[in-house]
Amino acid sequence: MNAVEPSRRLASEEQAGSKALAEGISADELALVEEMEREVAALQAKPSRKLERGIGITLTVLSAAGLIGSRAITVRTETGGIDPRWWPTVICSVTLALSLMLVVVSLTKPPFEREGLEVTNHDGWRRLMWTIVLSVLYIVAWTVSENFVVPSVVLLVAMMWVNDGRGLKALVFYPIGTVMGVYLLFHTVLRIPL
Amino acid sequence: MSPIVEGLTALLDPTVIFGMALGIGLGMLVGTFPGITATMAVALASSFTLTLTPVQGLAVLLSIYTGANFGDRIPAILVNTPGTPAAIATTFDGYPLAKQGKAGLALVTSGFAAAIGILVSMVVFSVAAVPIASFALQFGPYEFFALVVLGLTVMISISSQSLLKGVIAGLFGLFLATVGRDPITADPRFTFGFDVLSDKLDFIAVVIGLFGIAEVLDQMLSHNKLRLKPVASLGRWWPKKQEYKTMRKPLIIGSVVGTIVGIVPAAGGDIAGLIGWDRAKALSKHPEEYGKGSFEGLVAADSASTSTLGGALTTTMALGIPGDSVMAVMLGSMLIWGLQPGPQLFADHPALVASIAGIMVVSTLVSLGLNLFRIRGLVKILDLPRNYLWASILILCVVGTYATTTDINTVVVMLCAGAVGVVMKRTGFPAGPVVLGLLLGHLAESNLRRALVIDGAAGFLTNPIAAILLAFAVLAFGGTLFGRIRAGRKEAARRDATLVV
């Protein structure tokens, strides 16, 4: 009986499959969808022991710095006990202890799964670095020029260029249209001085 | 005029109607586009709405919340990618149904299940919010601190794969809340002489950075040429009579599970959807069909995830503790409008509470209508090039943040929060507990210090409500810890067995 069951199941699955295809989806489309699923699965970020160790050590250093900073808070009236230093000290002490635990866990246990995260790529790092540089330059330009419109249009043009946007639509119409829309909404309608 | 009539009449104001229409449209769009969450959209919109009246602003924010809960199901069904985390469980049966040529039927069924879920939960809000708020009026420093601990514990327990990282994220949020002036003595802490830091970190700027900029930077880092193509054959749209009948039981199970999960502080639609789907499967006559294209599974997941909305609203409005991450952002906006969500809100602004319930119901019905008739058009948004999306979100985050204070330094805080957010995202630290810690840090610190001065730590044991809340916090954390240890052992045993074979 056991030997018969798998073949029956296979047959019924085939019937179900042909019925599903008969209801509207084509075999080509189904194959395309399944190919896409495989590609998505291949892009999943992998767990990393080295990364977990780095996180633990960095957090230990940061929480120790936080603890030192908490004790260095200047208070106008020294009351001792539960003063303004107390709560940050408690938080940083507990974080320091947990960070040390994280280091121990990273050395003794398998690294955590990174579900929902995709692998990074070279182009991605390039895009990220450019975005950070452009954002800093934008803030400086806005502050120095005290003008919102021009630096914003330049920022959007540069962002589109860095992210492979080419042509009139990406480099002219979109940046000017977006900044005009934002300016109208915030400055004119909501009366926020830009 | 009774407060209920007054509150509902306020919805007839043309600006409120426009706000709701705008919110529903935005919500549906952001929900449909994978990568933009409802939290991010509400955080961005909260900067636009600060200059509006509370009813106008809430009309926009709550409608985005509702609209996103309809839009997020479309990519879940058509491309197996949830538009927001709340639609994760929708992919289990929605996508297999689409692959069987039943995408149209799945979209319509999902829309109805989502609408019924929200409406059922709004009944609970109408019935339970006032008694809970009246009860919470008795809360003092001990109870408030215990309530914050419970909220943080639950969010930590559910939002991270690693409990350790979740706790550290919550502590980081509490630490960020200490930046600025001490809540009791007003001594400056961690301000380093910067004016922008002396009046504590701007909540909206941090939220926009953690949810908006961090998401954009992460997408930039991992974007590849692969384009998701939706299933194009939508097939039949309307269910048959027999199909409606089979959906009743999972609809009830999903709605009950979702409402209960929604009431738990910080638990959102993603958790509820998974639990609702799992419970409906356990109680189904055809559990073997779940995950392979079961309408029962689809209905259970969708009704459970959306029925958290009313529960989350109840916890937020009655206790002042955010029911989920969207509510955490909304709570921040309400504080800026001078409204303190919590028991006093029901006594001081009963008409506003009626307006909130009215906005939720109306926006749900309108979203359902749009969901049924405009699905084909919404699918096209999946083809929007990412470079346009990233540039638009960046400029909106910058201007939106600037609008909250008209100080460029706030934008710097937002961009720094974005950089911290992307590091947290890539290293597995959840942003939810950070936001909750930042939002509730002052409440926790001031109440704990007052409580310790009044009666010492022993007061937590002699005060029954505080003791019960803390016991729930311990149970929630302990239960999660125990469950994960057990699951880890099972996984290790399974791996060993595989090696032996």
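From a predicted model like this one, the values you see are computed outputs, not experimental measurements.

Across its full length, chain A carries 7 helices and 0 strands. The buried share of chain A, taken over its 194 residues, is 20%. Taking as baseline every contact in chain A between residues at least 6 positions apart, the subset at least 24 positions apart corresponds to 59%.

So, on to the overall build of chain B. Assigned secondary structure in chain B consists of 25 helices and 2 strands. Against the 2.2 N^0.38 benchmark of 23 Å for 501 residues, chain B shows a C-alpha radius of gyration of 22 Å, consistent with a compact globule. Judged by the C-alpha coordinates and their principal axes, chain B covers about 65 × 65 × 50 Å. When each of the 501 residues of chain B is scored for burial, the buried share is 61%. Taking the contacts inside chain B whose residues are at least 6 apart along the sequence as the reference set, 79% of them involve residues at least 24 apart.

Let us look at helix H23 (residues 432–455) of chain B. All names here are of chain B. Over its 24 residues, H23 runs 32 Å from end to end, which matches the ideal 34 Å to within 8%, given 1.5 Å per residue. When the local axis directions of H23 are compared, the greatest deviation, roughly 55 degrees, occurs at Leu440. In terms of burial, H23 is a largely internal element, 17 of the 24 residues being buried. Following H23 by one or two positions, Gly456 has its phi on the positive side, about 75 degrees.

This brings us to the nonpolar core. Counting residues in each nonpolar core, the largest one holds 193 residues, and the members touching the most others are Ala41, Val42, Ile64, Ala146, Val207, Ile208 and Met360 of chain B. Looking at this core element by element, the count peaks at 16 residues for helix H7 (residues 103–136) of chain B.

In this model helix H2 (residues 14–32) of chain B runs 27 Å from its N-terminal to its C-terminal C-alpha over 19 residues, within 8% of the 27 Å that 1.5 Å per residue would give. Taken together, the buried positions of H2 of chain B are Val16, Gly19, Met20, Gly23, Ile24, Leu26, Gly27, Met28, Val30, Gly31 and Thr32 of chain B.

Turning next to the packing of helix H3 (residues 38–49) of chain B against helix H17 (residues 325–336) of chain B. All names here are of chain B. Across the interface, H3 lies against H17 with an axial gap of 8 Å and an inter-helix angle of 10 degrees. Classified by the angle between their axes, H3 and H17 sit roughly parallel to one another. In this structure, H3 contributes Ala38, Thr39, Val42, Ala43, Ser46 and Thr49 to the contact, and H17 contributes Ser325, Val326, Val329, Met330, Gly332 and Ser333. Residue classes in the contact of H3 with H17 are distributed as 6 nonpolar, 6 polar and no charged.

Moving on to the confidence of the model for chain A. Reading fine detail from the predicted coordinates is not recommended where pLDDT is low. All names here are of chain A. Averaged over every residue, the pLDDT of chain A is 82; the share at 70 or more is 83%. For chain A, the element scoring lowest by mean pLDDT is helix H1 (residues 4–22), at 44; helix H6 (residues 149–162) scores highest, at 94. Of the regions scoring below 50 in pLDDT, residues 1–22 engages in 4 contacts with residues more than four places distant in sequence or in other chains.

Okay, the environment of Leu96 of chain A next. Residues and elements named next belong to chain A. Tracing the backbone shows Leu96 in helix H4 (residues 86–108). By the C-beta count within 10 Å, which is 19 here, Leu96 ends up partly exposed. Along the sequence, Leu96 and Thr60 sit 36 residues apart, while their C-alpha atoms lie 5.5 Å from each other. In this view, Leu96 contacts Thr60, Ser63, Ala64 and Leu67; residues no more than four positions away in its chain are not counted.

Here the focus is the interface of chain B and chain A. Chain B puts 55 residues into the contact, and the matching count from chain A is 64 residues. The set of elements that each furnish at least two residues to the side of chain B that touches chain A consists of helix H9 (163–176), helix H11 (203–222), helix H21 (386–405), helix H22 (408–426) and H23 of chain B. Here the side of chain B that touches chain A gets 9 residues from one element, more than from any other, and that element is H21 of chain B. Here the residues of the side of chain B that touches chain A are counted per class, giving 28 nonpolar, 18 polar and 9 charged.

Two elements in contact, helix H5 (residues 122–145) of chain A and H11 of chain B, have axes separated by 6 Å at closest approach and are oriented at 145 degrees. Listed contacts from H11 of chain B to Gly124, Trp125, Arg127, Leu128 and Thr131 of chain A of H5 of chain A are Leu217, Met220, Leu221 and Ser222 of chain B.

This part takes up unusual backbone geometry. Of note, Phe190 of chain B is a non-glycine position whose phi angle comes to about 50 degrees, a positive value. In this structure, Thr406 of chain B is a non-glycine residue whose phi angle is positive, near 50 degrees.

Okay, the confidence of the model for chain B next. In this model, chain B carries an average pLDDT of 83, and 92% of its residues clear a pLDDT of 70 or more. In the predicted assembly, ipTM is 0.80 and pTM is 0.73.

The next thing to look at is the environment of Arg127 of chain A. Locating Arg127 of chain A in the fold gives a position in helix H5. For Arg127 of chain A, a count of 23 C-beta atoms within 10 Å puts it in the buried group. C-alpha of Arg127 of chain A to C-alpha of Asp164 of chain A: the two residues are 37 residues apart in sequence and 9.8 Å apart in space. Arg127 of chain A has contacts with Val162 and Asn163 of chain A together with Met220 of chain B, leaving out every residue within four places of it along the chain.

A word on the environment of Arg484 of chain B. Residue and element names in this part refer to chain B. By the element assignment, Arg484 lies in helix H25 (residues 464–500). Judged by local crowding, Arg484 falls into the partly exposed class, with 14 C-beta atoms found within 10 Å. Residues Arg484 and Val264, 220 residues apart in the sequence, show an inter-C-alpha distance of 20 Å.

The rules behind the values
- Residues numbered from 1 in each chain as written.
- Chains lettered and ligands numbered in written order.
- Predicted model: local features only at pLDDT ≥ 70, side-chain atom pairs only at ≥ 80, totals over all residues.
- Helix = DSSP H or I, 4+ residues; strand = E, 2+ residues; numbered from the N terminus.
- Buried ≥ 20, exposed ≤ 12 C-beta atoms within 10 Å, placed from the backbone.
- Contact = placed C-beta atoms within 7 Å.
- Rg over C-alpha atoms; globule rule 2.2 N^0.38 Å.
- Expected span 1.5 Å × (residues − 1).
- Bend = angle between axes of the 7 residues up to and from the residue.
- Core = buried A, V, L, I, M, F, W, Y, C linked by C-beta atoms within 7 Å.
- Axes fitted to C-alpha atoms, helices over the stretch in contact; angles between N-to-C directions.
- Parallel < 35°, antiparallel > 145°, perpendicular 65-115°, else oblique.
- Nonpolar A, V, L, I, M, F, W, Y, C, P; charged D, E, K, R; others polar.
- pLDDT = per-residue confidence, 0-100.

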